[in-house]
Amino acid sequence: MSGIDRRRLLGVVGASAAAGLVPGLAGPAHAAAATIVVDASKRQGTFFNPGWYVNHTHPNWYFSKGLLPASTLRQLREDFNVRWARVVVRAENFFDPDTGAYDFARNYPYIDQAASYANRLLLNFVSSTSMRKTPQLWEKLMYDTLLDHKARYPKIDSVMPWIEPNLGIVGGHPDKTAMTPKEFYPFYAAGYRAVQAVNDRMKPAVPLTYGGPTTSNLPEAWLAEFLKLYAADTDARKRLDFLSVQLYHKNRDNPRQALTHRTTLRTLLREAGLNQYLPPYVTEYGIYGGAETGETGGRTPAQDLAHDQLVQACGVAALGRYYIESGMNRPFHWVVHHGENLRKDMFVEGKDGVRLPFGHVVVMQGMLKDAYDNGERVATTITPDGSATNGLGIGAIAHVDSGQLTLMYWNYQAELGTRTYDAKLVIRNLPRSLFSTSRIRVESWLVDATNNNYNYNGTTEFARNAIFRMDRPAEFKRMLPLTKNAIGLLRITPAT
């Protein structure tokens, strides 16, 4: 925004601030009416913020495309709010099963980058289906690797031994058929023995935790059998510190189902006679599973990709809401750079540090709650609420802490929806402890088909669509025009 344009905007804001109703940009024609009411006096507890958790890159990215470029890495350090990054050890890239020789240095630059911006690392072992493996070999490989990597990266706090064993093409047999729980469990047990041995030997300040089985989606019968095998295991070293899954199925048209995932996993644990309060981790989630694409709708391939990338961004915002509301532990965004299905990328491939809408959404989530366990979610009433339509439509999450009140909101229309909304926002009971001054500062950001969207006009900025100061009102009001798959963030801080 130019200086002249910003002065014009501030002039309009100043003229309307006295009434407490600050106009947004002109709303779309024939937009439906909606309301979002935030009551900052009604606290609803702390939550795990999806913006804290990311997958560093697709396992194939580093060895096929190289390291993340400088500006991308700088943004991950400075603009994102990453607490944990999941990194992958691809065994065939550094281990020769014929000679037993290791070349750990091949993996270091990749993990070095993740360690530079994340507080903690989740280490996931994977290998191609063609690599010859036995539980004995797997235990040795994990033990030797963890001794090396934990010494080099003390930030590693959790380990997973496999990826999607129930999905043949990724973690199954050499013929790309899926593994049964009975076939997989010896490899899982090899992993917990390796982790225990490393903890016993190193006695690290941050001991390694261990979990799995990292299935694709929620194959309840498969998971039930795995948990049954674990419950029957008599090895004193056994451990299942967290139960991990990767979730995509039907997320695009029903993001609200994310609200039930934690309950489903707890039910499976309870039915197996295990601790139902074991933390559940979603180590990948998103809108497009595998090589999926959206409906083409007569668009060109470039238009189709741009459309799907916006759907991905708004969809993960909607999914994040339900993981927040359900109390899901560690939902990891997939992925900083995918490189194969570009719908899943946070950054434009081949452009250093240029964020796509998905990347902006993860930054917004970090801004929603940018300090670990500081503050609380506050009551938000949405009319009509997308929860009534499987998560399609208007959604929002609000949070207040010692320095700000933030609201993230969106209009998720998935692939084919076209509805637009003019949403009236009302924020009540701004806390006097935070806003003790008579003036407040308001900032807002918008990501949609034409705002903060590289695919629209090549923009490389993440620009605010409004910034102004005003007297603290009894109720803060604003109109929020939301086109399909638009995502917004509003932040209120004391004016200085």
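Everything here concerns the structure above.
So, how was this worked out
- Residues numbered from 1 in each chain as written.
- Predicted model: local features only at pLDDT ≥ 70, side-chain atom pairs only at ≥ 80, totals over all residues.
- Heavy atoms only, no water.
- Buried < 20%, exposed > 50% of the residue type's maximum accessible area, 1.4 Å probe, protein only.
- Helix = DSSP H or I, 4+ residues; strand = E, 2+ residues; numbered from the N terminus.
- Pairing = 2+ DSSP bridges.
- Phe/Tyr/Trp six-rings, centres within 6.5 Å; stacked < 30°, edge-to-face > 60°.
- Lys NZ or Arg CZ within 6 Å of the ring centre and 35° of its normal.
- Axes fitted to C-alpha atoms, helices over the stretch in contact; angles between N-to-C directions.
- Contact = heavy atoms within 4.5 Å.
- Nonpolar A, V, L, I, M, F, W, Y, C, P; charged D, E, K, R; others polar.
- Core = buried A, V, L, I, M, F, W, Y, C linked by side-chain atoms within 4.5 Å.

Asks: What exactly am I supposed to notice about the pairing of strand β4 (residues 84–90) here?
Replies: Look at any regular strand and the pattern is simple: side chains alternate between the two faces of the sheet. With respect to burial, β4 is a largely interior element, seven of its seven residues being buried. Covered by surrounding structure in β4 are Trp84, Arg86, Val88 and Arg90 together with Ala85, Val87 and Val89, the residues of both alternating faces. Where strand β3 (residues 53–55) and β4 come together, three bridges link them in parallel fashion. Residue pairing in the sheet places tyrosine 53 in a bridge with tryptophan 84 of β4. Sheet analysis places β4 next to strand β7 (residues 120–126), joined by seven bridges and oriented parallel. Bridge pairing links valine 88 to asparagine 124 in β7.

Asks: Which parts of the structure should I look at to understand the packing of aromatic side chains?
Replies: Any aromatic ring pair is given by two values, namely how distant the centres are and how the planes are angled relative to each other. Evaluation of the coordinates by the stated rule reveals 27 aromatic pairs. When the centroid spacing of 5.9 Å and the interplanar angle of 45 degrees are considered together, the rings of phenylalanine 184 and tryptophan 222 count as tilted. Placement of the pair is phenylalanine 184 in helix α7 (residues 181–202) and tryptophan 222 in helix α8 (residues 220–232), with a sequence separation of 38 residues. Using a relative accessible area of 0% as the deciding quantity, one classes phenylalanine 184 as buried. Residue tryptophan 222 is classed as buried on the basis of its relative accessible area, which comes to 11%. Put simply, the rings of Phe125, Trp138, Trp162, Phe184, Tyr185, Phe187, Tyr188, Tyr192, Tyr210, Trp222 and Phe226 touch in pairs and so form one group of aromatic residues. Positioned above the aromatic ring of tyrosine 108, the side-chain terminus of arginine 152 is 3.8 Å from the ring centre. Sitting over the ring of phenylalanine 47, lysine 369 keeps its end group 4.5 Å from the ring centre.

Asks: So what exactly am I meant to see when it comes to unusual backbone geometry here?
Replies: Leave glycine aside and you will find that most residues have negative phi; peptide bonds, for their part, are mostly trans. Here the bond from glycine 212 into proline 213 is cis, since omega is 0 degrees, no more than 30 degrees from zero. When you line up the elements, proline 213 lands in strand β9 (residues 209–216). Between tryptophan 334 and valine 335 the backbone carries a cis peptide bond, its omega angle lying at 20 degrees. The backbone of asparagine 429 shows a phi angle near 60 degrees, a positive value even though the residue is not glycine. Tracing the backbone shows asparagine 429 in the loop between β16 (421–428) and β17 (439–447).

Asks: I'm lost on the packing of helix α3 (residues 70–78) against helix α4 (residues 108–117) in this one. Help?
Replies: Two quantities define a packed helix pair, namely the angle between the helix axes and the distance between the axes. One way to put it is that α3 packs onto α4 with a least axis distance of 8 Å and a crossing angle of 35 degrees. Contacts from Leu73, Leu76 and Arg77 of α3 reach α4 at Gln113, Ser116 and Tyr117. Looking at the contact of α3 with α4 residue by residue, the classes come out as three nonpolar, two polar and one charged.

Asks: For this particular structure, what's the right way to read the side chain of threonine 264?
Replies: The residue threonine 264 is located in helix α9 (residues 258–271) in this model. The exposure class of threonine 264 is buried, given its relative accessible area of 18%. Sequence-distant contacts of threonine 264, that is, excluding residues within four places in its chain, are made with Leu218 and Glu220.

Asks: Teacher, can you tell me more about the nonpolar core here?
Replies: As a rule of thumb, soluble globular proteins bury nonpolar side chains together. Within the largest apolar cluster, 102 residues are counted, with the highest numbers of intra-cluster contacts made by Tyr117, Leu121 and Ile487. With sequence-adjacent residues up to four places away left out, tyrosine 117 is seen in contact with Val54, His56, Leu73, Leu76, Arg77, Val82, Ala85 and Val336. Within the second largest apolar cluster, 32 residues are counted, among which are Ala34, Leu430, Met470 and Ile492.

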